[in-house]
Amino acid sequence: MAGRINDDDVKAVRDAVPIDAVVSEYLQLRSAGGGNLKGLCPFHDEKSPSFQVSPSKGLFHCFGCQEGGDTIAFVMKIDHLSFSETVERLAARAGITLRYEEGGYNPTHQRGERIRLIEAHKAAAAYYAGQLAGAEAEIGRRFLAERGFDQAAAEHFGVGYSPAGWDHLTRYLRGKGFSDKELILSGLSQDGRRGPIDRFRGRLMWPIRDVGGDVVGFGARRLRDDDNGPKYLNTPETPIYRKSQVLYGIDLAKKDIAKASRAVVVEGYTDVMACHLAGVTTAIATCGTAFGGEHIKILRRLLMDNGSARVIFTFDGDAAGQKAALRAFEDDQKFAAETYIAIAPDGMDPCELRLVKGDDAVRELVEPRTPLFEFALRQIVGRYDLETPAGRAAALDEAAPIVARIKNVASQHEVAVELAGMLGILDTQFVVKRVAQLARWARERGGAPDGRARPGTGHRQPAGSAALGPAQPSFTGPALNLRSPAHRTERELLKLALQYPALVSPAFDAYGADEFTAPPYASVRRTIAEAGGAAQGVDNAPDYLARVREAASDDTVRALVTELAVEAVLTRAVDEAYAGEQLVQVRLRAVDRRVREVQGSLARLGAHGDPERLAAVQNELWVLQQYAQSLRNQGADAL
C-alpha cells in the first residue's frame, strides 16, 4: 500500500481547486448574498435551496441535511471516494504531483479503485475514437454519414469504433498497465474461455460521461447483420456506472440547462447529437433505461426548481414512445418544472427530423406544445368507447386521478372542465368535484390521487424542511406546492419576518396562523408568535432568531425556521414597498377565502332562512368585500 499523502500536498490541493468550481459541476449555483452561493442539495431531496457554498472560506454547508466541509469532503461524499482517491483526483486536475510519506511517489498500480476505472475508461474512449478512422470502421462512418453526422460531429461527441476482434482493447489496456481484474471490474472486458475478452466488438461507440465530465461507460450500436447481440449494448452496472444515475450528454448540456432553465429529454444518442448540432444544446438522453427518479434529481439540481423551468420530452410517436411518455408522467410530481411533450410529424425522432427537414425543424419541435399531463390524459381517454355511459364512466375513473395530480389548483380546475368536455359529460361540476375529492384524499392520506396511501407513509415530508429522521413533524397536510403563488407569497412573508422584521412589524404580528394556507408555514407563524412576534427582532436580530428557533415545537419546524432565515428574498430591493406587497397578498387571499365561505353560507341559508341570521351573514359579507376592495386599492395602507 502507498503511504499517507504529504500534508503540505493535501493543503496545496485544497487551495488550488476552488470549491465553487467543483460544486458547480454537479449543480447550479446562484448568489445567496454576502459572497455566498446556493443551490439544491445533492445529498438529500429538497425543493428549496438550502445548500450554500462559501468560496472565500472554501466550505460548503447544507442547512437541510447538515452535510458540510471543504472541497475534498464534497467530492468524497458525492462521488463515494476515499480520502486518498479524492486528493489524487483533485491533484490531477490541478496539475499537482503528490508525495507520499512512505514509499515516495505513488506508483500507478496503487491508485484508488475509482480513479483507476475512470482512467481505464478515458484510455478506452481515446482508443475507440482513434479506431474510427481505420478501414474496418468504414461501416461506422457510413452509419454516421447516413444520419447527417460528419467527422467534426463524431469528434465533438467522442464517437468511436470497437474493432471486431476478440481482445484488441483488452490487450491495449494491458499495455497501459491495467490488470485483468480492473478490466473485468470496469465492464470494458468480460471473461472468456482463455481469459478476458473485449465486451464491445465491431460496434459504433458513444462514451457516456457523468455530470463532472468523466467517462464512466459506453453505449455500443450494432452495425453488422451477423452481430447477434442487441441493437444497443451498454456498459453493465459497475462501481462507477449506474444507468439509472447517468444521462447521456449531461456534461455538454449542463451549463445551458442551468442558464436557460430548460432541458430536452430525447431517446437516443443520435437524437442528442442531432439536437445539439441543430442548436438545442440542452438535450440529454437516458442510457438504456426509462427516465426515472434519479435522473430527475440530476436535472432538478441544474434547473433549481424555479417557476419558469421547463422539461420537454421528445418521445417517438409510436406505441412504445407513448408508453414511455406515460411512464415519465408517473414521476411528473417530482419536478417543480413544467413538463411538456413534443412529437414530430410522422413520428420522426429528432435525428430523422434533422435529416429530412433540417435544423430549424428540430428547434421548432422542442418548443413546448402539449403539457405532459394533457398528453397522458388524451392517451387514457382514447382507450374507451365514449359513446356509451359505461365507457364514459370507466374513462373518468382512470382519467380523474391524472387531473388530480396537477399541482396548480387553478389549472387543475380548468383541466377538469376540459376533461368533462372530452368525455361528453354535460354535468361539468360533477367532474370538477370528483377531481377535487381525489386531490383532497391524496393530500390527507399522503398517497396517490386514487386515494391509496403510499406504503410506509402517514404524510408527506413538507418541502423545504430537512429530513431529520423519524421525529414526527408538528404539521400535517399537503406538501408545499412550488408552483402555487399563495405558497410563494407566504414563504416570502415569513422570510421577511425572520430576516427583516422591521419591514413587516407591527402588521405581521396581527396575522393569524390560519392566514397561511401551507401547514408548514402556519407552524412557523405560530413559532414566531410564541417567541414574542416579529417586533422582538426589530432591535436585536440575533437574539430574536435564537428565540424563534428555541420556540419551535420540534426539529422539523426548527429546520424550516433556519432555512427561511438564511434563504435569499426573491427581490433585489428589499424595502417597505416589497414587504407591503407580501403583507397585502397574504391578507387579501385570506379575506377572499373568507368571502367565499360566507357566500357559501348565504347560499345555504337561501331566501327563506332566519332573517336575523341572514342579515348578519349579509353584513359580514359586505364588510369583507369592502375590506378586500380597500386592500386592492390602497395596498399596505389598508392593513
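Asks: It is not clear to me how the pattern of salt bridges should be interpreted in this structure. Could you clarify?
Replies: The full count for this structure, using the stated rule, is 28 salt bridges. Among the ionic pairs, Arg262 bridges to Glu367, the shortest N-O distance being 3.8 Å. Here Arg262 is found in strand 12 (residues 262–266), whereas its partner Glu367 is found in the loop between helix 15 (359–365) and strand 16 (370–371), with 105 residues between them in sequence. With a relative accessible area of 17%, Arg262 lands in the buried category. Classification of Glu367 by relative accessible area gives partly exposed; the value is 37%. Here the salt bridges do not stand alone but share partners, grouping Arg116, Glu119 and Glu182 into one network.

Asks: For this particular structure, what's the right way to read the sheet that holds strand 6 (residues 160–162)?
Replies: Hydrogen bonds between backbone groups are what pair the strands of a sheet, and the pairing can be parallel or antiparallel. Reading across the sheet, the 4 strands line up as 6-9-10-11 and stay open at both edges, with antiparallel pairing between neighbours. Bordering the open sheet on either side are strand 6 and strand 11 (232–234), each of which pairs with just one other strand. Taken over all neighbouring pairs, the strand axes of this sheet differ in orientation by 35° on average, direction set aside. With 7 bridges joining them, strand 9 (residues 203–209) and strand 10 (residues 215–222) adopt antiparallel strand pairing. Across the sheet, Leu204 pairs through a bridge with Arg221, a residue of strand 10. Contacting strand 9, strand 10 and strand 11, helix 11 (residues 269–277) crosses the sheet at an angle of about 70° to strand 9.

Asks: Can you walk me through the side chain of Asp70 in this structure?
Replies: With respect to the helices and strands, Asp70 occurs in the loop between strand 5 (68–69) and helix 3 (71–79). For Asp70, a relative accessible area of 18% gives the class buried. Excluding anything up to four places from it in sequence, Asp70 contacts Arg14, Ile19, Gly58, Leu59 and Phe60.

Asks: How should I be thinking about the nonpolar core in this particular structure?
Replies: Buried together is how nonpolar side chains tend to be arranged in soluble globular proteins. By size, the foremost hydrophobic cluster in this structure holds 51 residues, and its most contacted members are Phe51, Phe74, Ile250, Ile257 and Leu299. In terms of residue count, helix 12 (residues 293–303) provides more of this core than any other element does, 5 residues in total. Counting residues in hydrophobic clusters, the runner-up holds 45 residues, among them Ile118, Ala137, Ala154 and Cys287.

Asks: Before we go on, may I ask you to explain the packing of aromatic side chains in this structure?
Replies: In this description, an aromatic ring pair is defined by two values, namely the gap between the centres and the angle between the planes. Tallying each qualifying case throughout the model produces 18 aromatic pairs. An aromatic cluster of at least three residues, connected via ring pairs, comprises Tyr26, Phe43, Phe51, Phe60 and Phe74. Cation over ring: Lys77 sits above Phe43, and NZ or CZ is 5.8 Å from the ring centre. The lysine or arginine in question, Arg147, covers the ring of Phe143, its NZ or CZ lying 3.5 Å from the ring centre.

Asks: It is not clear to me how the pairing of strand 8 (residues 195–198) should be interpreted in this structure. Could you clarify?
Replies: Residues in a regular strand point their side chains to alternate faces of the sheet. In this sheet, strand 8 lies alongside strand 7 (residues 189–192) in antiparallel orientation, the contact comprising 4 bridges. Among the inter-strand pairings, Asp191 is bridged to a residue of strand 8, identified as Pro196. Linking strand 7 back to strand 8 in an antiparallel pair, the connection comprises 2 residues.

Asks: Would you take a moment to explain the sheet that holds strand 16 for this structure?
Replies: Taking strand neighbours across the sheet as the criterion, the 5 strands line up as 13-12-14-15-16 in an open arrangement whose pairing is mixed. Strands with a single pairing partner mark the edges of an open sheet, and in this sheet they are strand 13 (283–285) and strand 16. When strand 14 (residues 310–313) meets strand 15 (residues 338–341), the two strands line up parallel, connected through 4 bridges. By the bridge assignment for strand 15, Arg310 is matched with Glu338. Sitting on the sheet, helix 12 is in contact with strand 12, strand 13 and strand 14, with an inclination near 155° to strand 12.

Asks: What should I look at first to understand the environment of Pro371 in this one?
Replies: In this fold, Pro371 is placed in strand 16. You can call Pro371 buried: its relative accessible area is 18%. Between the alpha carbons of Pro371 and Glu338 there is a distance of 7.7 Å; along the sequence they are 33 residues apart. If we skip the residues at most four places from it in the chain, Pro371 touches Thr339 and Tyr340.

Asks: Before we go on, may I ask you to explain unusual backbone geometry in this structure?
Replies: Glycine aside, residues mostly have negative phi angles, and peptide bonds mostly take the trans form. In this model, Ser505 is joined to Pro506 through a cis peptide bond whose omega is 0°. Following the sequence through the fold, Pro506 ends up in the loop between helix 21 (501–504) and helix 22 (519–530). Look at Ser261: it is not a glycine, yet its phi comes out positive at around 50°. Within the secondary structure, Ser261 sits in the loop between helix 10 (250–260) and strand 12. A relative accessible area of 7% means that Ser261 is categorised as buried.

Asks: What am I meant to see in the pairing of strand 10 here?
Replies: The element strand 10 is extensively covered by neighbouring structure, given that 7 of its 8 residues are classed as buried. Summarising the sheet, strand 10 and strand 11 pair through 3 bridges and their orientation is antiparallel. Each bridged residue has a counterpart across the sheet, and for Gly219 the counterpart in strand 11 is Asn234.

Cut-offs applied
Here, residues in each chain are numbered from 1, in the same order as that chain's written sequence. Residue-level local features of this predicted model are given only where pLDDT is at least 70; pairs of side-chain atoms are given and counted only at 80 or more, and the full residue set underlies all totals for whole chains, interfaces and linings. Side-chain metrics rest on all non-hydrogen atoms present in the structure, leaving aside hydrogens and water. Only one rule defines a salt bridge in this text: a Lys or Arg side-chain nitrogen within 4 Å of an Asp or Glu carboxyl oxygen. Only DSSP runs of H or I covering at least 4 residues are called helices, and only runs of E covering at least 2 are called strands; the numbering of each starts at the N terminus. Categorising residues by exposure relies on relative accessible area from a 1.4 Å probe, with only protein chains included: less than 20% of the type maximum marks a residue as buried, more than 50% marks it as exposed, and the intermediate range marks it as partly exposed. When DSSP finds two or more bridges between two strands, those strands count as paired. Axis geometry follows a simple rule: fit a line to the C-alpha atoms, using only the stretch in contact for helices, then measure angles between N-to-C directions, giving values from 0 to 180 degrees. Residues count as neighbours in contact if any of their non-hydrogen atoms are within 4.5 Å of one another. What is meant by a nonpolar core is a set of buried Ala, Val, Leu, Ile, Met, Phe, Trp, Tyr and Cys residues, joined one to another through side-chain atoms within 4.5 Å. We call Phe, Tyr and Trp rings a pair once their centres come within 6.5 Å, taking the six-membered ring for Trp, and we label the pair stacked below 30 degrees between planes, edge-to-face above 60, and tilted otherwise. The criterion for a charge sitting over a ring is simple: Lys NZ or Arg CZ within 6 Å of the ring centre, and within 35 degrees of the ring normal.

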